[in-house]
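A closer look at the structure
Below, each chain spelled out in residue letters.
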Amino acid sequence: LIGWLVAGQPATEAFTAAVAVLIIACPCALGLATPTAIMVGTGRGASLGVIIKGGEVLEATRQIDHVVVDKTGTITEGRMELISVTAAPGTDRSKVLQRAASVESRSEHPVGEAIVAAAPDLEPVSGFENLPGLGARARVDGVEVVVGRRQMFDEVPEDLAAVMAEAEEAGGTAVMAGWNGRAHGVLVVADRIRPTSAEAVAAFRELGLEVTLLTGDNAGTARTVAAAVGIHRVVAEVMPEDKDAEIQRLQAQGHVVAMVGDGINDAPALARADLGIAVGTGTDVAIETSDLTIVSGDLRAVADAIALSRRTLSTIKGNLFWAFAYNTAAIPLAALGILNPMIAAGAMGFSSVFVVTNSLRLRRFSGYRRATVMPDMDSMAGSERTTT
């Protein structure tokens, strides 16, 4: 306005140019560029079964270059079945199963749930204590019963040690049960690998991510599962604090780490990782500690989340570029009096519509799964409906 008046131009033309500049310089498009993309991106994630806790998680997800995954309940289904119970000489097999199941009835671990499901009846339990990464113990019928790893027992019969080693080499998960410091039996459980886990690992590699299998299970079982799904780096037989330390070690090497887990034992690592991802079928502690939750338990959803975050950030950059380019080109034209205020108003409105429309393109994101999880009323009761 002042420039036109100083130049001796008519007041009407000066006011027209000034109004055109005010209209065309409206930062509406810039203000919409980021929130619309984040809103559509997180909404699309929810429809794919990925619950993202805040827009900042999208930024963290985009930077991930290393994915660390737990085994039980993550790579595998976590629905274990008891396949054998071997008792030490002189010990009743049914007694081993009953006492072990009684202790595990207080545990949330999938191995414990499999043992409990196979027991015909249970004994009252007192003084239960969960030992993360080792097992559990409690008093059953006046006797302290321990269920867990071999190192929890002072005396292990050679027969039981051989049974345990054989089960682990075959890819099963074996735990010992005993009392009075002596192992009295070995219980072997088996878990199925999720049908989509191998596809998920392949998707991680396609996205340029390194993958590590991090588990408290024995090394033999871990290597068998890792080989089946295509994971080359395995860290096994680790305690919960060791999982946390492994995440820190990777971060110290310059990696931006995502941890995927489902159990109480994974909570420290989930909290430590740059991005904690919980499997929705896991424990409440794991879900609460994480930044992102995959509802279905399908590990491909993690790849979807990373790909979606990258697409969302790319959309934000595109929105900002065109919003700035629009202002850079149009403001000088308005200042020179070339743009009529009516045309400027239409252009300003078009820029906002363009940003919103560009963001809405994220709704077409399909990810690595052909099926799309659509929310419905049944989802309030914990179920899902899948449509193609």
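Refer to the structure presented above.
Report follows, based on the coordinates.

Thresholds, definitions, all that
- Residues numbered from 1 in each chain as written.
- Predicted model: local features only at pLDDT ≥ 70, side-chain atom pairs only at ≥ 80, totals over all residues.
- Heavy atoms only, no water.
- Phe/Tyr/Trp six-rings, centres within 6.5 Å; stacked < 30°, edge-to-face > 60°.
- Lys NZ or Arg CZ within 6 Å of the ring centre and 35° of its normal.
- Core = buried A, V, L, I, M, F, W, Y, C linked by side-chain atoms within 4.5 Å.
- Buried < 20%, exposed > 50% of the residue type's maximum accessible area, 1.4 Å probe, protein only.
- Helix = DSSP H or I, 4+ residues; strand = E, 2+ residues; numbered from the N terminus.
- Patch = residues over 30% accessible without salt bridge, like charges linked within 9 Å, V, L, I, M, F, W, Y side chains within 5 Å.
- Areas by Shrake-Rupley, 256 points an atom, 1.4 Å probe, with all protein chains shown as cover.
- Salt bridge = Lys/Arg side-chain N within 4 Å of Asp/Glu carboxyl O.
- Axes fitted to C-alpha atoms, helices over the stretch in contact; angles between N-to-C directions.
- Parallel < 35°, antiparallel > 145°, perpendicular 65-115°, else oblique.
- Left-handed = near helix turned anticlockwise from the far one by under 90°.
- Contact = heavy atoms within 4.5 Å.
- Nonpolar A, V, L, I, M, F, W, Y, C, P; charged D, E, K, R; others polar.
- Expected span 1.5 Å × (residues − 1).
- Polar contact = N/O pair within 3.5 Å; in protein donor to acceptor, adjacent residues only side chain to side chain.
- Pairing = 2+ DSSP bridges.

1. Examining the packing of aromatic side chains
With the rule as written, the count across this model stands at two aromatic pairs. Put simply, the rings of Phe321, Trp322 and Phe354 pair up and form one aromatic cluster. Cation over ring: arginine 99 sits above tryptophan 179, and NZ or CZ is 4.6 Å from the ring centre.

2. With respect to the nonpolar core
Counting 43 residues, the largest nonpolar core has Val69 and Ile231 as the members making the most contacts within it. No other element matches helix α14 (residues 300-335), which puts nine residues into this core.

3. Section: a nonpolar patch on the surface
Side chains of Leu1, Ile2, Leu5, Val6 and Phe15 sit close together on the surface and give an oily, nonpolar patch of about 530 Å² of accessible area. Counting residues per element, the nonpolar patch draws most heavily on helix α1 (residues 2-6), which supplies three residues. Its place among the elements puts leucine 5 in helix α1.

4. Quick look at unusual backbone geometry
Excluding glycine, most residues fall at negative phi; most peptide bonds, likewise, are trans. Phi at aspartate 141 is positive, roughly 55°, even though this residue is not glycine. Mapped onto the fold, aspartate 141 is located in the loop between β5 (135-140) and β6 (143-148). When its relative accessible area of 60% is taken as the criterion, aspartate 141 is described as exposed. With a phi angle near 55°, glutamate 237 is a residue other than glycine that sits in the positive phi range. Topologically, glutamate 237 is positioned in the loop between β10 (233-235) and α11 (240-252).

5. Examining the packing of helix α9 (residues 197-206) against α14
One can describe the packing of α9 onto α14 by two numbers: an axis separation of 8 Å at closest approach and a directional angle of 25°. Between α9 and α14, the crossing angle belongs to the class labelled roughly parallel. In terms of crossing hand, the pair formed by α9 and α14 is left-handed. Contacts between α9 and α14 involve Glu199, Ala200, Ala203 and Phe204 on the former and, on the latter, Arg300, Val302 and Ala303. Residue classes in the contact of α9 with α14 are distributed as five nonpolar, no polar and two charged.

6. Digging into helix α8 (residues 158-169)
When the terminal C-alpha atoms of α8 are compared, their 17 Å separation across twelve residues agrees well with the 16 Å that a helix rising 1.5 Å per residue should span. Turning to α8, the residues buried within the fold contact β3 (81-87), β7 (173-179), β8 (182-190) and α10 (219-229).

7. As for the side chain of aspartate 244
Position of aspartate 244 among the secondary structure elements: in helix α11. Here the side chain of aspartate 244 touches arginine 272 through a polar contact of 2.8 Å, side chain to side chain.

8. Some thoughts on the sheet that holds strand β13 (residues 292-294)
Whenever strands of a sheet pair, they do so through backbone hydrogen bonds, lying parallel or antiparallel. Here seven strands make up an open sheet; going across it, the order is β1-β13-β12-β11-β2-β9-β10 and the pairing mixed. Edge strands, defined here as strands with exactly one partner in the open sheet, are β1 (50-52) and β10. Adjacent strand axes in the sheet meet at a mean angle of 20°, parallel and antiparallel pairs treated alike. By the bridge criterion, three bridges tie strand β12 (residues 275-279) to β13 in an arrangement that is parallel.

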